[in-house]
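Listed below, chain by chain, are the residues.
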Amino acid sequence: YRRDEDLLALFIDDCCDLVAADLNDATTRTSATELYDAFVRWFARNISKKKQFPQRKFGILAQKKFEKAKVGGKIWYYGVRLNAEAREESGVKKLF
């Protein structure tokens, strides 16, 4: 379990910018889907192309670290954004 938290920390260091969480500011959030998709790409590149990291397990770890809210039918994590490199890799052009 500790190893899983370490993986999340490494991913955040490599692919994310931490910001002050503000539920009223869309620029302080990332959708759960975008965050997990970026993690999957990072995991395949850095940890294992054969093993997979379950989305449910990722969600449990992410909600311990970030504030989570459902807005407009989507799950968002506040206080974290994909950095420019991760956004470019995923095809996400804007922050929100």
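A brief look at the structure comes next. (Residues numbered from 1 in each chain as written. Predicted model: local features only at pLDDT ≥ 70, side-chain atom pairs only at ≥ 80, totals over all residues. Heavy atoms only, no water.)

1. A word on the sheet that holds strand β2 (residues 29-31)
For step 1, the next point in the chain: One open sheet accounts for three strands, arranged β2-β4-β3; its pairing is antiparallel. Edge strands, defined here as strands with exactly one partner in the open sheet, are β2 and β3 (67-71). Neighbour-to-neighbour, the strand axes of the sheet open up by a mean angle of 35 degrees, direction not taken into account.
For step 2, the next point in the chain: Bridge analysis of β3 against strand β4 (residues 74-78) gives five bridges, and the strand direction is antiparallel. Counted as the bridge partner of Lys-68 is Tyr-77 from β4.
For step 3, the next point in the chain: Here helix α2 (residues 32-46) sits on the sheet in contact with β2 and β4, set at roughly 75 degrees to β2. (Pairing = 2+ DSSP bridges. Helix = DSSP H or I, 4+ residues; strand = E, 2+ residues; numbered from the N terminus. Axes fitted to C-alpha atoms, helices over the stretch in contact; angles between N-to-C directions. Contact = heavy atoms within 4.5 Å.)

2. What about the nonpolar core?
For step 1, the next point in the chain: Residues Phe-11, Cys-16, Leu-35 and Phe-58 are the most contacted members of the largest nonpolar core, which totals 22 residues.
For step 2, the next point in the chain: When contributions to this core are tallied by element, the ones reaching two or more residues are α1 (2-15), α2, α3 (55-65) and β5 (80-82).
For step 3, the next point in the chain: A total of seven residues in this core trace back to one element, the largest contributor, which is α2.
For step 4, the next point in the chain: Those residues in contact with Phe-58, other than ones at most four positions away along the chain, are Leu-8, Phe-11, Leu-35, Tyr-36, Phe-39 and Phe-53. (Core = buried A, V, L, I, M, F, W, Y, C linked by side-chain atoms within 4.5 Å. Buried < 20%, exposed > 50% of the residue type's maximum accessible area, 1.4 Å probe, protein only.)

3. Here's the deal with the pattern of salt bridges
For step 1, the next point in the chain: Summed over all chains, the structure comprises two salt bridges.
For step 2, the next point in the chain: The closest approach of N and O atoms between Arg-41 and Glu-89, which form a salt bridge, is 3.5 Å. Of the two residues, Arg-41 sits in helix α2 while Glu-89 sits in helix α4 (residues 84-90), which places them 48 residues apart along the sequence.
For step 3, the next point in the chain: Of the residues examined, Arg-41 reaches a relative accessible area of 26% and is grouped as partly exposed.
For step 4, the next point in the chain: Here Glu-89 ties to Arg-45 by a salt bridge, and the two come within 2.9 Å at their closest N and O atoms. Highlighted residues: Glu-89 in helix α4 and Arg-45 in helix α2, separated in sequence by 44 residues.
For step 5, the next point in the chain: Here the salt bridges do not stand alone but share partners, grouping Arg-41, Arg-45 and Glu-89 into one network. (Salt bridge = Lys/Arg side-chain N within 4 Å of Asp/Glu carboxyl O.)

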